[in-house]
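The primary structure of each chain is shown beneath.
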Amino acid sequence: MEFNVKKLASDAGVFFSRAMQFTEEKLGQAEKTELDAHFENLLARADCTKNWTEKILRQTEVLLQPNPSARVEEFLYEKLDRKVPSRVTNGELLAQYMTEAANDFGPGTPYGKTLIKVGETQRRLGAAEREFIRSASISFLTPLRNFLEGDWRTISKERRILQNRRLDLDACKARLKKAKAAEAKAAAEHELRLTQTEFDRQAEVTRLLLEGISSTHVNHLRCLHEFVESQTNYYAQCYQFMLDLQKQLGRFSGTFVGNAESASPAAATSPPVAAATLPAVPTIPVVPTIVGVPSTVAEGVLNPNEVKPPASGTRRARVLYDYEAADSTELALLADEMITVYSLPGMDPDWLIGERGNQKGKVPVTYLELLS
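Everything numeric here is computed off the predicted structure, so don't read it as measured data. (Residues numbered from 1 in each chain as written. Predicted model: local features only at pLDDT ≥ 70, side-chain atom pairs only at ≥ 80, totals over all residues. Heavy atoms only, no water.)

Colleague: Describe the packing of helix α2 (residues 37–64) against helix α6 (residues 182–211), naming the residues involved and giving the relevant values.
Modeller: Each packed pair of helices is defined by two parameters, the angle between the axes and the distance between the axes. Orientation of α2 relative to α6, taken along the N-to-C sense of each, is 50 degrees, at an axis distance of 10 Å. Taken together, the axes of α2 and α6 lie oblique to each other. As α2 runs across α6, the sense of the crossing is left-handed. Two secondary-structure elements touch here, α2 through H38, F39, L42, L43 and A46 and α6 through A203, T206, R207, L210 and E211. Residues that form the contact of α2 with α6 fall into these classes: six nonpolar, two polar and two charged. (Axes fitted to C-alpha atoms, helices over the stretch in contact; angles between N-to-C directions. Helix = DSSP H or I, 4+ residues; strand = E, 2+ residues; numbered from the N terminus. Parallel < 35°, antiparallel > 145°, perpendicular 65-115°, else oblique. Left-handed = near helix turned anticlockwise from the far one by under 90°. Contact = heavy atoms within 4.5 Å. Nonpolar A, V, L, I, M, F, W, Y, C, P; charged D, E, K, R; others polar.)

The structure is reproduced here in structure tokens:
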């Protein structure tokens, strides 16, 4: 018990001495040992790294999981060292609703068919989102957290020790200046040498840790590249899924138009809508099936050499995406090129005839932007 009381008294004395030194420094009544410029730059760089890492980490978490309640739940599971339960993504939930709606409306109806197609794409988008979140969490979020919870805590601890060593050193310097008797000066000088040695040793330890921030930047740079790669793959998958869906929906567009026209016979007698309220949408005139047209055209089998453009109704179009011709009746396309397009009697409404110089062939409408 006597030892503990003495140690407690000694610790209290050290704490009081440091507090007095710190207060006098703030009031400008005591001198302060300044660190060299290089050391101060290392400290500033470390603080900057910590602050921006925290901000990037928090915002990336928001990007991957916008729901605050879900983020809190995941944080609690992580702190309890328990596995986070699997959560259905919004895309997968939407896919489930669309599939159930299609079964109620009738999977054989045009609306039901489309709901099933769109729902399947939403399910694939949800699965891709889940994989992106998993990959980004492992390759990007985890290294950032490890730095803040590991390396930075160590740096902060050693910096606090260095601060205490500096306060002890400056307090010894102050006592040495106040000492009058020879014995008091000798004791103060001895204490000053010990505290100076401890301060120098701690400054070296802290400096080495601060210089390690450079390797932290290198590691975070590599993780950032992996994050960008994961995000690029995710968006590329989403683009491809939606492009495939657009092609699939194009097959049903003619059916939808026919059903809409037959289901609303009063449309022809309804009062016209003011043209100023509707946006101008460029259209290609669709010529109705004419008796005498060769059956090969009506059936979608096209011989480019026999096709002649109509006297009127040709339009210019810009190609949106590259398109590889499936056979000799189709025209291969390159993104951003300009071609002339027109329709023929009996053609599938999802296709047009495209001409580029002496080349001609069928082109899909979904790959074109029709110009006025």
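Colleague: Help me get a handle on the environment of I213, residues and values and all.
Modeller: Structurally, I213 is set in helix α7 (residues 213–250). Not counting the four nearest positions on each side in its chain, I213 is found in contact with R45, A46, T49, F147 and I155.

Colleague: Tell me about a nonpolar patch on the surface, and please be specific about residues and values.
Modeller: A cluster of nonpolar residues, V88, L93 and Y97, forms a patch on the protein surface that exposes about 280 Å² of accessible area. Among the secondary structure elements, L93 is positioned in helix α4 (residues 90–105). (Patch = residues over 30% accessible without salt bridge, like charges linked within 9 Å, V, L, I, M, F, W, Y side chains within 5 Å. Areas by Shrake-Rupley, 256 points an atom, 1.4 Å probe, with all protein chains shown as cover. Salt bridge = Lys/Arg side-chain N within 4 Å of Asp/Glu carboxyl O.)

Colleague: Talk me through the nonpolar core; I want residue IDs and the actual numbers.
Modeller: Residues F39, F132, F140 and L210 are the most contacted members of the largest nonpolar core, which totals 30 residues. Of all the elements in the fold, those that place two or more residues in this core are α2, α5 (110–178), α6 and α7. Among all residues touching F132, those that are not within four sequence positions of it are L64, F227, S230, Q231 and Y234. A317, V319, L352 and Y367 belong to the second largest nonpolar core, which has 12 residues in total. (Core = buried A, V, L, I, M, F, W, Y, C linked by side-chain atoms within 4.5 Å. Buried < 20%, exposed > 50% of the residue type's maximum accessible area, 1.4 Å probe, protein only.)

All quantities given are derived from atomic positions and should not be read as evidence of function.
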